Amino acid sequence: MIVKGNLVDCTEKGTIRIRKKNCIVIEEGIISKICSENELPDSLKNEEIEDYGDSLIIPGLIDMHLHAPQFAFRGLGMDMELLDWLNTYTFPEEAKYKDIEYAKKAYKKFVDALTKSYSTRAIVFATLHTQATILLMDMLEESGLKCFVGKVNMDRNSTDELIETTESSIDSTNKWLEVCESRYQNTKPVITPRFIPSCSDKLMKELGKIRGENYGLQSHLSENPKEIEWVKELCPDATGYLDAYDKRSSLNKSKVPTVMAHCVYSDEKEMELLKERDVYVAHCPQSNICLSSGIAPIRKFLNSGIKVGLGSDIAAGYSLNILNQAVEAIGLSKLYWRYIDKNSKPLELAEAFSMATRIPGSYFGKVGAFEEGFEADMLIIDDGVLNKDIDDLRKRFERFLYLSDECSMKAKYVSGKKIL
Ligand code: GUN
Ligand code: FE
């Protein structure tokens, strides 16, 4: 297959790369060549070209952190902070997923919306319910998106309607992983302790063992001051929040990395451990604004070589559009520079774009850029409403990044397969 258009992606160095009216040659879902139409080898001269004219073609975006069951109540309770918001809105809503009929209706809306969004891949929290989690994974598999999904574990500090015993949590996680083993091509399980306050030491230790070498782990880290104080009380043995996870679940043992959402209050010591354990940070700027959590030191993470992707954190964030998260990440970094640290220079557009594509793409393999050997995740963008009279592609792309809600998507490909 050959797809042609104006290619915009990030280089390995994190700069924006623009290739005007170029062709992407794809074999079995993988990019085998990028060149102008004239440079196509003779063997491909007779291939039909899917020519998208003057459209922009960008890599599929990646949502590194979101909660599928929370899609139903986006925009509610945004005057609260984390712990009150969880108790008042989140836990009661997630408890409803015990009812598989409710789950079916709600997850259908979520999967439809994610499919229509600019994301081709995501790392998703479900709920603690095994049956509803499998249902969600079935639907995501059907959609053609490529996702990691976690059955959530929680055995303490929740409501009576949304809690497991330690044993049933371990048991159902093992059973769920067994089901997943042979059922999916595109959908993978990831171990998902909700956060330290929801998981006893025993549960965390057992999840570390279950994870072993073959599974990833996702959770929340250093999001809110009261939460962090609580973790200190719960884990007097630990030197910090990430250390509490590490002491219980040995974060460095697996081939599939750990993803930690937020990291708003990670200090130098925690940053060192993030780097040492090769943890991906899922930066969720809109969520951090909505729950008044704070501003994560993203410039410092990037300077220390920590990998940072973006997450919508639905429903603490309200928009599935990862480009909106990119714009808010830039905005927050400007406030951080202005009010908190003059040495942390604001994020550039290219860095925010890289955090939406290439950096989190590496979690999935060779994903998130247009280069030979990369999986062909592509969005075909019609930015005509904005940019009829601009022929500078860099300017067109800049405006698209900020105003993507006003543009439309002509097609969406995941690993070369057209899903929209
Ligand atoms: N920490 C524990 N659970 C959650 C959640 O559902 N959302 C957010 N933003 N933080 C959490
Ligand atoms: Fe979250």
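Coordinates for the structure precede this section.
The rules behind each value
Residues numbered from 1 in each chain as written. Chains lettered and ligands numbered in written order. Predicted model: local features only at pLDDT ≥ 70, side-chain atom pairs only at ≥ 80, totals over all residues. Heavy atoms only, no water. Pairing = 2+ DSSP bridges. Helix = DSSP H or I, 4+ residues; strand = E, 2+ residues; numbered from the N terminus. Axes fitted to C-alpha atoms, helices over the stretch in contact; angles between N-to-C directions. Donors = N, O, S within 2.8 Å, 3.2 Å for Na, K, Ca; no water. Tetrahedral: all angles 85-135°; square planar, octahedral: opposite > 155°, others 65-115°. Buried < 20%, exposed > 50% of the residue type's maximum accessible area, 1.4 Å probe, protein only. Contact = heavy atoms within 4.5 Å. Core = buried A, V, L, I, M, F, W, Y, C linked by side-chain atoms within 4.5 Å. Salt bridge = Lys/Arg side-chain N within 4 Å of Asp/Glu carboxyl O. Near = heavy atom within 4 Å. Polar contact = N/O pair within 3.5 Å; in protein donor to acceptor, adjacent residues only side chain to side chain. Areas by Shrake-Rupley, 256 points an atom, 1.4 Å probe, with all protein chains shown as cover. Nonpolar A, V, L, I, M, F, W, Y, C, P; charged D, E, K, R; others polar. Arc of directions from axis to C-beta.

**Q** Which residues make up the sheet that holds strand β11 (residues 217–221), and what values go with them?
**A** Paired through backbone hydrogen bonds, the strands of a sheet run either parallel or antiparallel to each other. On the basis of which strands lie adjacent, the open sheet formed by 4 strands has the order β11-β12-β13-β14 and parallel pairing. Two strands lie at the open edges of the sheet, namely β11 and β14 (307–310), each paired on one side alone. Averaged over all pairs of adjacent strands, the angle between their axes in this sheet comes to 30°, without regard to strand direction. Inspection of the sheet shows strand β12 (residues 258–262) paired to strand β13 (residues 280–283) by 3 bridges, in the parallel sense. What sits directly across from Val259, in β13, is Tyr280.

**Q** Describe in detail the coordination of the iron ion (ligand 2), supporting the description with residues and values.
**A** Binding of the iron ion (ligand 2) to the protein goes through His65 (NE2), His67 (NE2), His220 (NE2) and Asp313 (OD), at separations of 2.0 to 2.2 Å. Around the iron ion (ligand 2), the 4 donor atoms are arranged such that angles at the metal cover 88 to 169°; this shape is classified as irregular. Written as a sequence motif, the donor residues of the iron ion (ligand 2) are H-x1-H-x152-H-x92-D. For the pair formed by His65 and His67, the shared burial category is buried.

**Q** Which residues make up the sheet that holds strand β16 (residues 408–414), and what values do they have?
**A** The strand order β3-β2-β1-β4-β15-β16-β17 describes an open sheet built from 7 strands, whose pairing is mixed. Each having just a single partner strand, β3 (30–35) and β17 (417–418) make up the two edges of the open sheet. Set on the sheet, helix α12 (residues 349–356) makes contact with β1 (2–10), β2 (16–27) and β4 (49–59); between it and β1 the angle comes to about 120°.

**Q** Which residues make up the nonpolar core, and what values do they have?
**A** Core analysis: the biggest nonpolar cluster contains 110 residues, and Tyr107, Leu136 and Tyr245 have the highest contact counts within it. In terms of residue count, helix α3 (residues 130–143) provides more of this core than any other element does, 7 residues in total. The residues contacting Tyr107, other than those within four sequence positions of it, are Ala68, Pro69, Tyr97, Ala126, Thr127, Ala132, Leu135, Leu136 and Met139. If you look at the next biggest cluster of nonpolar residues, it comprises 16 residues, including Val3, Ala369, Phe370 and Ile380.

**Q** Before we move on, could you go through the pattern of salt bridges and cite the residues and values that matter?
**A** Pairs may arise between side chains of opposite charge once their charged atoms sit close together. Applying the stated criterion across every chain yields a total of 33 salt bridges. Among the ionic pairs, Arg248 bridges to Asp201, the shortest N-O distance being 2.8 Å. Taken together, the residues Arg248 in helix α7 (residues 241–249) and Asp201 in helix α5 (residues 201–211) connect sequence positions 47 residues apart. For Arg248, a relative accessible area of 6% translates into the label buried. Asp201 sits in the partly exposed class, given a relative accessible area of 30%. Between Lys247 and Asp243 there is a salt bridge; the shortest N-O distance is 2.5 Å. Taken together, the residues span about one helical turn, with Lys247 and Asp243 both in helix α7 at a distance of 4 residues.

**Q** Before we move on, can you summarise the site of ligand 1 with the specific residues and values?
**A** Lining the immediate environment of ligand 1, one finds His67, Gln70, Leu82, Trp85, Leu86, Arg194, Phe195, His220, Glu223, His262, Asp313 and Ala316. Here Arg194 contributes a side-chain N or O atom positioned 2.7 Å from an oxygen atom of ligand 1. A distance of 2.8 Å is found between a nitrogen atom of ligand 1 and a side-chain nitrogen or oxygen belonging to Glu223. Within the complex, 100% of the 270 Å² of free accessible area of ligand 1 lies under protein. Take the shell around ligand 1: its biggest share by element is 3 residues, from helix α1 (residues 82–95). Class assignment for the residues of the shell around ligand 1 results in 5 nonpolar, 4 polar and 3 charged.

**Q** Just give me the short version of α5, but keep the residues and values in it.
**A** A turn of α-helix holds 3.6 residues, and therefore any two residues three or four places apart point the same way. Looking at α5, one finds that the buried residues are Leu203, Met204, Leu207, Gly208, Ile210 and Arg211. Within α5, the buried residues cover an arc of 165° as seen down the axis, which keeps them to one side. Of the surrounding elements, those touching the buried residues of α5 are β8 (152–153), α4 (166–183), β10 (192–193), β11, α7 and β12. Positioned one or two residues after α5, Gly212 has a phi angle of 50°, which is positive.

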